[in-house]
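# Examination of the molecular architecture
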Amino acid sequence: MTHTATIRILLVDDHPVVRAGLSGLLSSQHDFEVVGEASNGMEALGLLDTLKPDVVLMDLRMPQMDGVSAIRQIRAKLSKVQVLVLTTFDTDSEIVRAVEAGATGYLLKDVPREELFRAVRLCARGEAVLSPPIAARLLGRMRGPAEENLSMRELEVLSLVARGLSNKEIARKLKISEATVKTHLLHAFGKLGVDDRTAAVTVALERGILRLES
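Being a predicted model, the structure only gives us computed values, none of them experimental. (Residues numbered from 1 in each chain as written. Predicted model: local features only at pLDDT ≥ 70, side-chain atom pairs only at ≥ 80, totals over all residues. Heavy atoms only, no water.)

The subject of this paragraph is the overall build of the protein chain. Counting its secondary structure elements, the protein chain contains ten helices and six strands. Per-residue burial over the protein chain gives 54% buried out of 214 residues. For the protein chain, the exposed area adds up to about 10000 Å²; of that, 51% sits on carbon and sulfur atoms. (Helix = DSSP H or I, 4+ residues; strand = E, 2+ residues; numbered from the N terminus. Buried < 20%, exposed > 50% of the residue type's maximum accessible area, 1.4 Å probe, protein only. Areas by Shrake-Rupley, 256 points an atom, 1.4 Å probe, with all protein chains shown as cover.)

Here's what the structure looks like:
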């Protein structure tokens, strides 16, 4: 993200009315600037270098190039650009494919406006975010029969979050990419039924899944 107060946003959706509505909504926030619009993933890729967005608000099902393919290419081309999925599709396969492609967050289009604003700000900082219905779906998909089974790596990442480390610092410490850190966090969110880092640490501590050494 650029070191300015304004978050530069690129809208990617194949419905002009949806783009217009989102543009008006986001422009109501003093720290947001909608710098461009695209009707599919191919168009979005062509605009990246010129517009230099901080956050790409991405639909999933579009002609020519779908959202997942676009996310993968955006992350490969400009790893600092964060992608926030905003879609009507909440199937397990769609969610997992988007997260694995490198999406920083995943929201449904019926999300309340304040939650959308919060998610854009979190994503601009590189923090993973899921809307509560998506967290609940991932919880149902990933939870073990008895309890939430966080992997050793997910526990490791969460424990470092609890110590106040940023995604970048965690990536450096564990010798993995920042995108991989975000993927581990999103998986942990789904298993814990939460939608941000703070809640994940709180729930994991409350349930005794995570223990902080003194």
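Resuming the write-up.
Further remarks concern unusual backbone geometry. With a phi angle near 70°, Gln64 is a residue other than glycine that sits in the positive phi range. Overall, Gln64 belongs to the exposed group, its relative accessible area being 69%. You will see that Lys175, though not glycine, has its phi angle at about 60°, which is positive. Structurally, Lys175 is set in the loop between helix 8 (167-174) and helix 9 (178-192). Overall, the relative accessible area of 74% leaves Lys175 in the exposed class.

Once that is clear, we can look at the sheet that holds strand 3 (residues 55-58). Across the sheet, six strands lie side by side as 2-1-3-4-5-6; this open sheet has parallel pairing. Looking at the sheet topology across the chains shown, the edges are occupied by strand 2 (32-38) and strand 6 (129-130). As paired strands, strand 1 (residues 7-12) and strand 3 are joined by four bridges and run parallel to one another. Bridge pairing in strand 3 links Val12 to Met58. (Pairing = 2+ DSSP bridges.)

In this section: the packing of aromatic side chains. With the rule as written, the count across this model stands at one aromatic pair. Judged by centre distance (6.0 Å) and plane angle (70°), the ring pair of Phe32 and Phe117 falls under edge-to-face. Placement of Phe32 in strand 2 and of Phe117 in helix 5 (residues 113-124) is noted, with a sequence separation of 85 residues between them. By relative accessible area, Phe117 is classed as buried at 1%. (Phe/Tyr/Trp six-rings, centres within 6.5 Å; stacked < 30°, edge-to-face > 60°.)

Take the environment of Leu108 next. Counting through the fold element by element, Leu108 comes out in strand 5 (residues 105-108). Distance from Leu108 to Ile134, taken between C-alpha atoms, is 7.9 Å for residues 26 residues apart in sequence.

Counting across every chain of the model gives one cavity of 30 Å³ or more. Put simply, the largest cavity is a space of about 40 Å³. Every residue along the wall of the largest cavity is listed here: Leu11, Val12, Asp13, Leu22, Leu57, Met58, Asp59 and Leu86. Sorting the residues of the lining of the largest cavity by element identifies strand 1 and strand 3 as the ones contributing at least two each. Class assignment for the residues of the lining of the largest cavity results in six nonpolar, no polar and two charged. (1 Å grid on protein atoms, 1.4 Å probe; cavity = no way out; pocket = protein on both sides within 12 Å on 5 of 7 lines; lining within 4 Å. Points joined across faces, edges and corners; volume = space filled by probe spheres on them. Nonpolar A, V, L, I, M, F, W, Y, C, P; charged D, E, K, R; others polar.)

Let's shift gears to the pairing of strand 1. Taken across its six residues, strand 1 has five buried, putting it largely inside the fold. Two strands pair when backbone bridges link them, and strand 1 and strand 2 are joined in this way by six bridges, in the parallel orientation. Looking across to strand 2, one finds that Val12 is bridged to Ala38. One crossover worth recording links strand 1 to the parallel strand 2 by way of helix 1 (residues 16-26), and it is right-handed. (Right-handed = clockwise from strand over helix to strand, strands pointing away.)

Take the packing of helix 7 (residues 152-162) against helix 9 next. Axis separation between helix 7 and helix 9 bottoms out at 9 Å; the angle between their running directions is 95°. By the angle between their directions, the pair helix 7 and helix 9 is classed as roughly perpendicular. Along the contact surface, helix 7 presents Arg153, Glu154, Val157, Leu158 and Val161, while helix 9 presents Val181, His184, Leu185, His187, Ala188, Lys191 and Leu192. Its residues assigned to classes, the contact of helix 7 with helix 9 shows seven nonpolar, two polar and three charged. (Axes fitted to C-alpha atoms, helices over the stretch in contact; angles between N-to-C directions. Parallel < 35°, antiparallel > 145°, perpendicular 65-115°, else oblique. Contact = heavy atoms within 4.5 Å.)

Our next topic: the pattern of salt bridges. Inspection of the entire model under this criterion finds twelve salt bridges. Ionic pairing is found between Arg121 and Asp31, a salt bridge with its closest N-O pair at 2.7 Å. Note that Arg121 is positioned in helix 5 and Asp31 in the loop between helix 1 and strand 2, a separation of 90 residues in sequence. Taking the relative accessible area as the measure of exposure, Arg121 reaches 24% and is therefore partly exposed. The residue Asp49 makes a salt bridge to Lys77 at a minimum N-O spacing of 3.5 Å. Here Asp49, found in helix 2 (residues 41-51), pairs with Lys77, found in helix 3 (residues 67-77); they are 28 residues apart in sequence, far enough to count as distant. One salt-bridge network, in which partners are shared between bridges, spans Asp13, Asp59 and Lys109. (Salt bridge = Lys/Arg side-chain N within 4 Å of Asp/Glu carboxyl O.)

These values are about where atoms sit, not about what they do.
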